[in-house]
Every structure is written in C-alpha cells, then in structure tokens.
Amino acid sequence: MSPSTDSRENREFASEIKFLISRARADQIRSWARARLSADPHAGGAAGDGYRITSLYFDTNQFDVFHRRGSFGRSKYRIRRYGDGEIAFLERKLKTRGLLTKRRSIVPLNELEQLAGDEVARDWPGHWFLRRLLARGLNPVCQISYQRTARVAMTQYGPIRLTLDDNLCAVPTTDWHFNKVEGQLILRDQIILEMKFRYAMPALFKYLVEEFAL
C-alpha cells in the first residue's frame, strides 16, 4: 500500500475509510499515528513520513464521474506525480462490492503528451490507459495537489495504512501535463484522514475511531 515507487500493474482489493477532520484533531491523530505506526518507507521530511502529491483527474463533458452516473460512479482515472519526480503513474481505481482495486503503469513525464492523440504504440505502458479514456470519453478537467503524511504497519491480515492530506489545492485544466500553479486552496481548516486495510477493519483503527470519536 506504499505507492511512491511501486510499479506493479495491478493491486489487490482493499477497503478505504475517509474522515473530514479539523486541523486540531489532525495534529492529535498525527502524533497518535507516529507513536504506533512506521513511516512510509518512500516518504521524507523531518519526520520521514511526508510527501507532496499532484494528480490530474479526468471526466466527461457532462461530468459523469463527478456525479457518479452509472458505471462512471465505480471507476476513476488519474495521472499522479509524487514530489518533483520525473515519472508519472497512470491509474484507474475501480470499486467493486465496496472494495477498491487499482491498475497503474509508469511513464516518463515527457511522454504524457502521447495521451492527447488517438493512438499510441501497443507496447507503450500507457496504451491501456488511453484506450479506456477514449472509450469512456474522458479528458483532463482538474489538477489536485496536497501534502500527505503517511504511516504504515504490517498485521496478521496484511498491511495497513493511515494518511492525512493537508493544504488541498485545485485548479481547472485541460492540459496533459502538470501545471506549476497550485490553484485555489480547498478545505482551509479541514484535513482528510484515510485508513486503508484489507479484510476486516484492524483493531488499531477501531481504537482510533473510538478514541477520537470519528
């Protein structure tokens, strides 16, 4: 579940639970998590658990993904970049029976413009991604960026992951590359807490929910 350099084509099913919390509560939970979970091995910063995420999100002209119309409500397509890295992750997140699975491929940033066409070489890693965008009529609509704190642990049921996303910014775009302009700050006084796990919710996360009345 640590995403930064994982190049696997497919991910196993996982469950995600998200909470919108105050900045003060987030500070408490960040301290709680740092005392009980390990830092994401691909992160950095003073505490070794932070990194910047920037993503391009796709939708139809009618914003079917945003409104979750039909099958558009089960899948999301995005291009993600970590920090100032020179590679991009082409991703599809698919929800089936309440569980999430992810498909992703890695391409260099300077090759993203290939997605603006109608065809790419079949051996290009993003070939499947372009085919799905064209079939569903998806184009870039916005760029989202934020600062993430990530803590992880291994349990008897597999890995678990807790993240806190802060300074969420958005800017509209139709470009196939990342914009240096961060755009408008969203959720100025709130932070997104996410818990990810496989199978049943782990006892540690149940305790967190109860301890902080989430």
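Residues numbered from 1 in each chain as written. Predicted model: local features only at pLDDT ≥ 70, side-chain atom pairs only at ≥ 80, totals over all residues. Heavy atoms only, no water.

Draft legend 1. Spatial organisation of the confidence of the model for the protein. For the protein, the mean per-residue pLDDT works out to 92, and 94% of the residues sit at or above 70. Considering only residues more than four positions removed or in separate chains, one finds that residues 3-8, a stretch of pLDDT under 50, has 19 contacts. (pLDDT = per-residue confidence, 0-100. Contact = heavy atoms within 4.5 Å.)

Draft legend 2. Here's a closer look at the environment of Gln156. Here Gln156 shows up in the loop between β7 (139-155) and β8 (158-172). Residue classification places Gln156 among the exposed positions, given a relative accessible area of 71%. Separated by 46 residues in sequence, Gln156 and Pro202 place their C-alpha atoms 9.5 Å apart. (Helix = DSSP H or I, 4+ residues; strand = E, 2+ residues; numbered from the N terminus. Buried < 20%, exposed > 50% of the residue type's maximum accessible area, 1.4 Å probe, protein only.)

Draft legend 3. A look at the environment of Gly85. Looking at the element boundaries, Gly85 is found in the loop between β4 (75-82) and β5 (87-96). Along the primary structure Gly85 and Leu109 are separated by 24 residues, whereas in three dimensions their C-alpha atoms are 8.6 Å apart.

Draft legend 4. Molecular detail of the packing of aromatic side chains. Tallied over the full model, the rule gives 8 aromatic pairs. With centroids separated by 5.7 Å and ring planes inclined at 70°, the aromatic side chains of Tyr51 and Tyr82 adopt a geometry described as edge-to-face. Remark: Tyr82 occurs in strand β4 and Tyr51 occurs in strand β3 (residues 50-59); sequence separation between them is 31 residues. With respect to class, Tyr51 is no different from Tyr82; both count as buried. A cation over a ring is seen here: Arg136 above Phe72, with NZ or CZ 4.3 Å from the ring centre. (Phe/Tyr/Trp six-rings, centres within 6.5 Å; stacked < 30°, edge-to-face > 60°. Lys NZ or Arg CZ within 6 Å of the ring centre and 35° of its normal.)

Draft legend 5. Layout of the nonpolar core. Counting 21 residues, the largest nonpolar core has Phe58, Ile79, Leu90, Leu112, Leu115 and Phe129 as its most contacted members. Of all elements in the fold, only β3, β4, β5 and α3 (127-136) reach the threshold of two or more residues within this core. Every residue in contact with Leu112, bar those within four places of it in the chain, is listed here: Ile79, Ala88, Leu90, Val107, Trp176 and Phe178. Core analysis: the second largest hydrophobic core is formed by 17 residues, Leu37, Ile160, Leu162 and Leu164 among them. (Core = buried A, V, L, I, M, F, W, Y, C linked by side-chain atoms within 4.5 Å.)

Draft legend 6. Examining α3 more closely. Buried residues of α3: His127, Trp128, Phe129, Leu130, Leu133 and Arg136, and no others. Along its buried surface, α3 packs onto β3, β4, β5 and β6 (99-108). Gly137 sits one or two residues past α3 and shows a positive phi near 65°.

Draft legend 7. Representation of the side chain of Thr163 in the model. Tracing the backbone shows Thr163 in strand β8. Its relative accessible area of 1% is what places Thr163 among the buried residues. Those residues in contact with Thr163, other than ones at most four positions away along the chain, are Arg148, Thr149, Ala150, Ile192, Leu193 and Glu194.

Draft legend 8. Spotlight on the packing of helix α1 (residues 23-36) against helix α4 (residues 203-211). As a packed pair, α1 and α4 sit with axes 12 Å apart at the nearest point and diverge in direction by 155°. Considering the angle they form, α1 stands roughly antiparallel to α4. Two packed elements cross with a definite hand, and for α1 against α4 that hand is right-handed. On the side of α1, the interface is formed by Ile29, Trp32 and Arg36, while α4 contributes Leu204, Tyr207 and Leu208. Taken together, the residues that form the contact of α1 with α4 break down as 5 nonpolar, no polar and 1 charged. (Axes fitted to C-alpha atoms, helices over the stretch in contact; angles between N-to-C directions. Parallel < 35°, antiparallel > 145°, perpendicular 65-115°, else oblique. Left-handed = near helix turned anticlockwise from the far one by under 90°. Nonpolar A, V, L, I, M, F, W, Y, C, P; charged D, E, K, R; others polar.)

Draft legend 9. Region of the structure containing the pattern of salt bridges. Taken as a whole and judged by the stated rule, the model has 14 salt bridges. Across the salt bridge formed by Asp49 and Arg34, the nearest N and O atoms sit 2.8 Å from each other. In this pair, Asp49 sits in the loop between β2 (38-39) and β3 while Arg34 sits in helix α1, placing the two residues 15 residues apart along the sequence. Take Asp49: its relative accessible area is 2%, and that puts it in the buried class. Linked by salt bridges that have partners in common, Glu16, Lys93 and Lys196 make up one network. (Salt bridge = Lys/Arg side-chain N within 4 Å of Asp/Glu carboxyl O.)

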